[in-house]
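Examination of the molecular architecture
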Amino acid sequence: MSIIALLISLNLPWAAAEPSKMIGFAALEQKIFSRVYEKPQGELLELYGFIVPPQSFSQHLGFYDNGSTLKNAEPNSFNMVLLSFLMDRIAHNLAQTCNPNDPNNFPPLKSTLQKSLSAFCDWPAPSSLEQKNFDQLLLSMTVFDFSSKEQLAWKQHFQSPSQFTKSREQIIYEMSYSLLMNPYFLLKK
């Protein structure tokens, strides 16, 4: 619940802007595989592995009709539930970073993200709380797509003493989920 409160409290400019369109499932999948997971060469890895794959899953999250027109990309309650579920599964997977032998770790993470998340394996040790760790995680997952005001609020939230009682898995999950569900990550610019 604290992640939702954080997002609401930021009073972001996109909240009052004209309606946005989501980036579409193919672009979202590409963004996740370019920033989060290593995609072994020659292997077909799809985000369907995180949820039960209905036949038309991608059509509910935006798809290109004949490769040219983005269709069904307006955020709505159904696709937001699907995105929430998908991002929840990915965030739970990322939360297992500190447990490398977990058989549920799928697929391999990008090395930069693995290193960024590993910095939080000693949570809440002082070494985990260093500013550079938060900056590196933001860079790995968002490529600083967020405004500096939002980056600062995100870092302050997770560096606050109220977060220190959480397990390393919980803090990595919450940080990852909040970044994956952020409109700057999901919506077209």
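Fair warning: this is a prediction, and the values are worked out from it, not measured in the lab. Counting from 1, residues in each chain are numbered in the order their sequence is written. Reporting of local features is limited, given that this is a predicted model, to residues whose pLDDT is at least 70; pairs of side-chain atoms are given and counted only at 80 or more, and all residues count toward the totals for whole chains, interfaces and linings. By convention in this description, side-chain values take in all heavy atoms of the structure and omit both hydrogens and water.

Some words on the state of the cysteines
Throughout, disulfides are identified as pairs of cysteine sulfur atoms within 2.5 Å of each other. Under the definition given, this model contains 1 disulfide. What pairs with cysteine 98 in a disulfide is cysteine 121, and their sulfur atoms sit 2.0 Å apart. Disulfide cysteine 98-cysteine 121: the torsion about the S-S bond is -95°, which places it as left-handed. Within this pair, whereas cysteine 98 is found in the loop between helix H4 (77-94) and helix H5 (111-118), its partner cysteine 121 is found in the loop between H5 and helix H6 (131-142), the two being separated by 23 residues in sequence. Considered together, cysteine 98 and cysteine 121 belong to a single accessibility category, that of buried residues. A run of H or I in DSSP counts as a helix once it spans at least four residues, and a run of E counts as a strand once it spans at least two, with each numbered from the N terminus. We call a residue buried when its accessible area falls under 20% of the maximum for its residue type, exposed when it is over 50%, and partly exposed in between, using a 1.4 Å probe and counting protein chains only.

Side note on the environment of threonine 165
Structurally, threonine 165 can be placed in the loop between helix H7 (148-158) and helix H8 (168-180). On the accessibility criterion, threonine 165 (73% relative accessible area) is exposed. Separated by 42 residues in sequence, threonine 165 and tryptophan 123 have C-alpha atoms that sit 9.1 Å apart.

Some thoughts on the packing of aromatic side chains
Centre distance within 6.5 Å is the pairing criterion for rings of Phe, Tyr and Trp, where only the six-membered ring of Trp is used; planes under 30 degrees apart are then read as stacked, over 60 as edge-to-face, and the remainder as tilted. Overall, the coordinates contain 6 aromatic pairs when judged by the stated rule. A ring pair is formed by tyrosine 173 and tyrosine 177, whose centres lie 5.7 Å apart and whose planes are at 15°; its orientation type is stacked. Here tyrosine 177 and tyrosine 173 lie together in helix H8, a separation of 4 residues that amounts to about one turn. Neither residue differs from the other here; tyrosine 173 and tyrosine 177 are each classed as buried. Three or more aromatic residues link up through ring pairs in this structure, and these residues are Phe120, Trp123, Phe134, Trp154, Phe158 and Phe164.

Comments concerning H4
Working rule for helices: expected span equals 1.5 Å times residues minus one. An ideal rise of 1.5 Å per residue puts 26 Å on 18 residues; H4 measures up with 25 Å between its terminal C-alpha atoms. Of the positions making up H4, those classed as buried are Asn79, Leu82, Leu83, Leu86, Met87, Asp88, Ile90, Ala91, Asn93 and Leu94.

Regarding H6
The terminal C-alpha atoms of H6, which comprises 12 residues, lie 16 Å apart, in line with the 16 Å expected from a rise of 1.5 Å per residue. Buried within H6 are the following residues: Asn133, Phe134, Leu137, Leu138, Ser140, Met141 and Thr142. Projected onto a plane normal to the axis of H6, the buried residues spread over an arc of 165° and lie on a single side. Structurally, H6 contributes buried residues whose contacts are with helix H2 (25-35), H4, H5, H7, H8 and helix H9 (183-186). Valine 143 sits one or two residues past H6 and shows a positive phi near 50°. The arc refers to the directions leading from the helix axis to the C-beta atoms. Any two residues having at least one pair of non-hydrogen atoms within 4.5 Å are treated as being in contact.

Brief notes about the pattern of salt bridges
When a carboxyl oxygen of Asp or Glu is within 4 Å of a side-chain nitrogen of Lys or Arg, the pair counts as a salt bridge. One pass over the structure, following the stated rule, counts 5 salt bridges. With a closest N to O distance of 3.8 Å, arginine 89 and aspartate 88 form a salt bridge. Of the charged contacts in the structure, one is a salt bridge between glutamate 174 and lysine 166, with a shortest N-O distance of 2.6 Å. In this structure, glutamate 174 and lysine 166 share a single accessibility class: buried.

Here's the deal with unusual backbone geometry
Here the bond from tryptophan 123 into proline 124 is cis, since omega is 0°, no more than 30 degrees from zero. Structurally, the position occupied by proline 124 is in the loop between H5 and H6.

Looking at the nonpolar core
Throughout this description, the term nonpolar core refers to a set of buried Ala, Val, Leu, Ile, Met, Phe, Trp, Tyr and Cys residues connected via side-chain atoms within 4.5 Å. Judged by nonpolar contacts, the single largest core of 43 residues is most densely connected at Leu28, Met87, Leu94 and Leu137. Elements represented by at least two residues in this core include exactly H2, H4, H5, H6, H7, H8 and H9. Apart from the residues lying within four places of it in its own chain, the contact partners of leucine 137 are Leu113, Ser116, Leu117, Phe120, Trp154, Met175 and Leu179.

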